[in-house]
Amino acid sequence: MAETFSIKMMVQTYYARLDDQEFQLKQGPRRTTVPTASFRHLYVEDEGAMQLMWLSYEAANGKLKRVSIGANAGDPGLAKLVDSLVAAYPQIDIRSQDRKQAMQTLGAMSRGLRIAIGLTVALVFMVVLSFIAEYLGGAFE
């Protein structure tokens, strides 16, 4: 039997559908479909005013991939989705692990690390752009 979940993240609403064969996620224009047989791990990361559900799965090429769903803290749609996933696939539940261990199991980076890497890349990009602008400015004098 298929179940549909409505998940709120700030002003956006995401939709997830779970049945015996596949999990479908619609996040705006982005759509993700994962066969339920390929599920490997489920973890929920609490980050203050929001929660992030991580669902890892084995892709066709054998690599571990992840789907993440952000939601407002305490969102009933996300809670129902997590409960349904754990009830149907109890072997994937790694919520009892501490955050660091769960992120390693998932092969994922926490949001703080992703932000730090993103800011570093942005800073390097701006420095390179300033050198290019300085070079081009000198070339036209």
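Residues numbered from 1 in each chain as written. Predicted model: local features only at pLDDT ≥ 70, side-chain atom pairs only at ≥ 80, totals over all residues. Heavy atoms only, no water.

Another aspect to go through is the nonpolar core. Ile7, Phe23, Phe39, Leu42, Met53, Ile69 and Leu81 are the most contacted members of the largest nonpolar core, which totals 34 residues. Of all elements in the fold, only strand E1 (3-9), strand E2 (12-18), strand E3 (22-27), strand E5 (39-47), strand E6 (50-58), strand E7 (64-72), helix H1 (76-88) and helix H2 (99-106) reach the threshold of two or more residues within this core. Looking at this core, the element that brings in the most residues is E6, giving 6 residues. Sequence-distant contacts of Leu42, that is, excluding residues within four places in its chain, are made with Met53, Trp54, Leu55, Val82, Leu85, Val86, Ile92, Asp93, Ile94 and Arg95. (Core = buried A, V, L, I, M, F, W, Y, C linked by side-chain atoms within 4.5 Å. Buried < 20%, exposed > 50% of the residue type's maximum accessible area, 1.4 Å probe, protein only. Helix = DSSP H or I, 4+ residues; strand = E, 2+ residues; numbered from the N terminus. Contact = heavy atoms within 4.5 Å.)

To continue, consider the pattern of salt bridges. Taken as a whole and assessed by the stated rule, the structure comprises 4 salt bridges. Two residues, Arg99 and Glu45, come together in a salt bridge whose shortest N-O distance is 2.6 Å. You can see Arg99 sitting in helix H2 and its partner Glu45 sitting in strand E5, a full 54 residues away along the chain. With a closest N to O distance of 2.8 Å, Arg95 and Asp93 form a salt bridge. (Salt bridge = Lys/Arg side-chain N within 4 Å of Asp/Glu carboxyl O.)

Further remarks concern the confidence of the model for the chain. Scored by pLDDT, the chain comes out at a mean of 89, with 93% of its residues at no less than 70. Summarising per-element confidence for the chain, the mean pLDDT is lowest in helix H3 (residues 111-139) (82) and highest in H1 (95). (pLDDT = per-residue confidence, 0-100.)

This brings us to the sheet that holds strand E4 (residues 30-35). The antiparallel open sheet is built from 4 strands, whose spatial order is E1-E2-E3-E4. Two strands bound the open sheet, and with one partner strand each, they are E1 and E4. The average undirected angle you get between the axes of adjacent strands in this sheet is 15°. When E1 meets E2, the two strands line up antiparallel, connected through 7 bridges. Bridge pairing in E2 links Thr4 to Arg17. Contacts from H1 reach E1, E2 and E3, with the element oriented near 140° to E1. (Pairing = 2+ DSSP bridges. Axes fitted to C-alpha atoms, helices over the stretch in contact; angles between N-to-C directions.)

The next subject is the sheet that holds E7. Taken together, the 3 strands give an open sheet; going across it, the order is E5-E6-E7, and neighbouring strands pair in antiparallel fashion. Pairing within the sheet leaves two strands with one partner each, and these edge strands are E5 and E7. Across the sheet, the axes of successive neighbouring strands diverge by a mean angle of 15°, strand direction being ignored. Pairing of E5 with E6, which is carried by 8 bridges, proceeds in the antiparallel orientation. Bridge pairing links His41 to Ser56 in E6. Its contacts with the sheet put H2 on E5, E6 and E7, and the angle it makes with E5 is roughly 145°.

This paragraph deals with the pairing of E4. Bridge count between E3 and E4: 6 bridges; the pairing is antiparallel. Following the sheet pairing, Gln27 is matched in E4 by Arg30. Hairpin connection from E3 to E4: 2 residues lie between these consecutive antiparallel strands, with Gly28 at a positive phi of about 65°.

In textbook terms, the turn of a hairpin is the stretch between consecutive antiparallel strands, and for E1 and E2 this stretch comprises 2 residues, one of which, Met10, has a positive phi near 55°. As paired elements, E2 and E3 share 4 bridges and run antiparallel to each other. Bridge pairing in E3 places Ala16 opposite Leu25. Connecting E2 to the antiparallel partner E3 that follows it, the hairpin turn spans 3 residues.

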